[in-house]
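Reading the structure
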Amino acid sequence: METTKDIQEEKGQKSDKNQSNIMVGIGLLLLSALFVYIALSQPRINVSDSQNKKAETYSAVEDTKTENDYNATVVSSTSAVLQDDSEQNIQYPLNLNTCTAAELMTISNIGETRANAIISYREYLGGYTSVDELKNISGIGEAVFESIEPYVTV
């Protein structure tokens, strides 16, 4: 027959086991919340058509066997990309006071949202007086500004 001491020890062990299960459950919930936060905080990747064209043209370089073939392929790939840009009749640098959203979207790091923000800010200002004014637009930080600065002018 079990004594009261044995019964109390069994209850204590069950209590410890329940506490351990609760702690493991809380830990798993926190871990899953962390994974959800990381997944939702990642930026979306938007690949434009011009980047797809460049990737397709440069993929031919990997298939070449000799160094001469490699050099010829690189030259032809570069000229093909330049022809694609010239067919669009876009002259760089773009004038920020006269360009359209579609023209702005041809620049790397400028999507539809940034292009519309640039045009809206232009309307708000009544026209840009300096390229540096792009830094005042939300979403255009120092890194983005440096990447688009050579392609725009006032």
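Note that the coordinates shown come from a computational prediction; the quantities given were computed from them, not determined experimentally.

Focus on the overall build of the protein
Looking only at helices and strands, the protein has six helices and two strands in total. Listing the helices and strands of the protein from first to last along the sequence gives α-α-α-β-α-α-α-β. Taken across its 154 residues, the protein has 19% of its residues classed as buried. Once local pairs closer than 6 in sequence are excluded, the contacts in the protein between residues at least 24 apart make up 40%. Roughly 11,700 Å² of accessible area belongs to the protein as shown, and the carbon and sulfur atoms make up 54% of that amount.

Section: unusual backbone geometry
Here the residue pair tyrosine 92 and proline 93 is connected by a cis peptide bond, since its omega of 0° sits within 30 degrees of zero. Mapped onto the secondary structure, proline 93 falls in the loop between helix H3 (67–87) and strand S1 (94–95). Although it is not a glycine, asparagine 109 adopts a positive phi angle of roughly 75°. Note on placement: asparagine 109 falls in the loop between helix H4 (101–104) and helix H5 (112–125). The class for asparagine 109 is partly exposed, based on a relative accessible area of 40%.

Structural notes on the confidence of the model for the protein
Of the residues in the protein, 63% have a pLDDT of 70 or more, and the chain-wide mean is 75. Per-element mean pLDDT across the protein ranges from 41 in H3 up to 93 in H5. Low confidence marks residues 52–87, where pLDDT is under 50. Its contacts with residues over four positions away, or in another chain, come to 17 contacts.

As for the pattern of salt bridges
Counted by the stated rule, this structure contains one salt bridge. Residue glutamate 142 pairs with lysine 135 through a salt bridge whose shortest N-O separation is 3.7 Å.

Some remarks on the environment of serine 130
With respect to the helices, strands and loops of the structure, serine 130 is situated in the loop between H5 and helix H6 (142–148). A sequence separation of 34 residues divides serine 130 from leucine 96, and the C-alpha atoms of the two residues are 9.2 Å apart. There is a polar contact of 3.1 Å between the side chain of serine 130 and the backbone nitrogen of aspartate 132.

Description of the packing of aromatic side chains
Summed over the entire model, instances satisfying the criterion amount to three aromatic pairs. Geometrically, the ring pair formed by tyrosine 121 and tyrosine 124 is stacked, given 6.0 Å between the ring centres and 25° between the ring planes. With a gap of three residues between them, tyrosine 121 and tyrosine 124 both fall in helix H5, about one helical turn apart. The class for tyrosine 121 is buried, based on a relative accessible area of 19%. When its relative accessible area of 68% is taken as the criterion, tyrosine 124 is described as exposed.

Thoughts on the side chain of arginine 122
Relative to the assigned elements, arginine 122 resides in helix H5. Nearest to the buried, unbridged arginine 122 among oppositely charged side chains is glutamate 123, at 5.4 Å. If we skip the residues at most four places from it in the chain, arginine 122 touches Leu96, Asn97, Thr98, Cys99, Gly127 and Tyr128.

Some thoughts on the environment of isoleucine 137
Of note, isoleucine 137 is situated in the loop between H5 and H6. When the C-alpha atoms of isoleucine 137 and isoleucine 118 are compared, they prove to be 7.2 Å apart, with 19 residues separating the residues in sequence. When residues no more than four places from it in sequence are discounted, the contact partners of isoleucine 137 are Ala117, Ile118, Tyr121 and Tyr128.

A closer look at the nonpolar core
Of all hydrophobic cores here, the largest spans 21 residues; its most connected members are Leu96, Leu104, Ile118 and Leu134. Mapped by element, the contributors of at least two residues to this core are H4, H5 and H6. Per-element accounting of this core gives the leading share, four residues, to H5. With near-sequence residues (within four places) excluded, isoleucine 118 lies in contact with Leu96, Leu104, Ile110, Tyr128, Leu134, Ile137 and Ile140.

Rules used in this analysis
Residues numbered from 1 in each chain as written. Predicted model: local features only at pLDDT ≥ 70, side-chain atom pairs only at ≥ 80, totals over all residues. Heavy atoms only, no water. Helix = DSSP H or I, 4+ residues; strand = E, 2+ residues; numbered from the N terminus. Buried < 20%, exposed > 50% of the residue type's maximum accessible area, 1.4 Å probe, protein only. Contact = heavy atoms within 4.5 Å. Areas by Shrake-Rupley, 256 points an atom, 1.4 Å probe, with all protein chains shown as cover. pLDDT = per-residue confidence, 0-100. Salt bridge = Lys/Arg side-chain N within 4 Å of Asp/Glu carboxyl O. Polar contact = N/O pair within 3.5 Å; in protein donor to acceptor, adjacent residues only side chain to side chain. Phe/Tyr/Trp six-rings, centres within 6.5 Å; stacked < 30°, edge-to-face > 60°. Lys, Arg positive; Asp, Glu negative; His and termini not counted. Core = buried A, V, L, I, M, F, W, Y, C linked by side-chain atoms within 4.5 Å.

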